[in-house]
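Single-letter residue listing:
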Amino acid sequence: MRVARAFNCHLSLADMSQQMSCKELMKVLGLGAVAFVLGVEWLNWLKRRLRDSRGPLKEVLFFPSPQVCVEHLFIRHKHFPCACPLPHGVETSFSRLLVHLLSARVSLDLCVFSFSHMELSRAILLLHKQGVVVRVVTDRDYMTITGSQIGALRKAGICVRHEMSSAVHMHHKFALVDSRKLITGSLNWTLTAVQSNKENVMVTEEPELVGPYQQEFQKLWEANDPANHKPQYTNGQLNIKTCKDK
């Protein structure tokens, strides 16, 4: 009888010990999870502080840029490596330009004189497909040259407005990413400009620089609203191609 009681007592103590061990284990795991989350938050805070201490983004890119594979920038979850013969894993001025453009999450406002570069067009179409609001202002004459990508953008549902006056060219080359990042310089969005010409692009998040470009884009956007212009005819032929928001 005493042996049975002692045995039962021993089992009860063992059960209690096991329960306490489980509770302690859960407690330790819970504290570990909290510590991990706090650690991640602290690292993110540290990154923000370091970024803030360096000030707003400032980057300068020079062209021409060598040809390299940029497929990984468009298909980030691709399981198999690209089989193209171009160099892989090489960062260039052009790949940096694509990275900045593809960082858009809300909006992209683009003023560009000549636009025929296929990969840049692919980037804009991808952003549009992802739900980024894209607006484009371009030149009246150069939008219809051979190889222009403006038609492809319009066909995809992106609203494009062109300079309505035949007396001037819309010669700007700048983009505004999410209304906070400015990409500007001498670079036309053409293959020749990217691979053959001496060109420059500046990327910045300086509010003092971004602000005036936002105002200029909005001024051009409103000034070239087709609703504010009557179609012009010469010898019975329409000589201004209108564009309406979609």
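This structure is a prediction, so every number in the text was calculated from the model and none was measured. (Residues numbered from 1 in each chain as written. Predicted model: local features only at pLDDT ≥ 70, side-chain atom pairs only at ≥ 80, totals over all residues. Heavy atoms only, no water.)

(A) View of the sheet that holds strand 2 (residues 107-112). Strand order in the open sheet formed by 7 strands is 1-7-6-5-2-3-4, with mixed pairing between adjacent strands. Each edge of the open sheet is held by one strand with a lone partner, namely strand 1 (58-63) and strand 4 (159-162). Strand after strand, the sheet turns through a mean of 15° between neighbouring axes, direction not considered. In the sheet, strand 2 pairs with strand 5 (residues 173-177) via 5 bridges, with the strands oriented antiparallel. Pairing of Val112 across the sheet is with Lys173, part of strand 5. In the packing of helix 3 (residues 93-102) onto the sheet, contacts are made with strand 1, strand 2, strand 5, strand 6 (181-185) and strand 7 (199-204), and the angle to strand 1 comes to roughly 135°. (Pairing = 2+ DSSP bridges. Helix = DSSP H or I, 4+ residues; strand = E, 2+ residues; numbered from the N terminus. Axes fitted to C-alpha atoms, helices over the stretch in contact; angles between N-to-C directions. Contact = heavy atoms within 4.5 Å.)

(B) Structural context of the pairing of strand 5. Counting buried positions over the 5 residues of strand 5 gives 5, a clear majority of the element. The alternating pattern of strand 5 places Lys173, Ala175 and Val177 and Phe174 and Leu176 on opposite faces, both of which are buried. Bridging between strand 5 and strand 6 involves 4 bridges; their strand directions are antiparallel. Residue pairing for strand 6: Ala175 is matched across the bridge by Ile183. (Buried < 20%, exposed > 50% of the residue type's maximum accessible area, 1.4 Å probe, protein only.)

(C) Just helix 7 (residues 207-223), in detail. The end-to-end C-alpha separation of helix 7 is 24 Å, in line with the 24 Å expected for 17 residues at 1.5 Å each. Taken residue by residue, helix 7 has Val210, Gly211, Phe217, Leu220 and Trp221 as its buried positions. The elements touched by buried residues of helix 7 are strand 2, strand 3 (133-138), strand 4, strand 5, strand 6 and strand 7. (Expected span 1.5 Å × (residues − 1).)

(D) Quick look at the layout of surface pockets. Taken as a whole, the largest pocket encloses approximately 270 Å³ of empty space. Lining of the largest pocket is provided by 17 residues; of these, Val68, Cys69, Val70, Leu86 and Glu119 occupy positions nearest its centre. Elements that contribute at least two residues to the lining of the largest pocket include exactly helix 4 (118-129) and helix 6 (191-195). The greatest single-element share of the lining of the largest pocket, amounting to 3 residues, is contributed by helix 6. Among the residues forming the lining of the largest pocket, the class breakdown is 10 nonpolar, 4 polar and 3 charged. (1 Å grid on protein atoms, 1.4 Å probe; cavity = no way out; pocket = protein on both sides within 12 Å on 5 of 7 lines; lining within 4 Å. Points joined across faces, edges and corners; volume = space filled by probe spheres on them. Nonpolar A, V, L, I, M, F, W, Y, C, P; charged D, E, K, R; others polar.)

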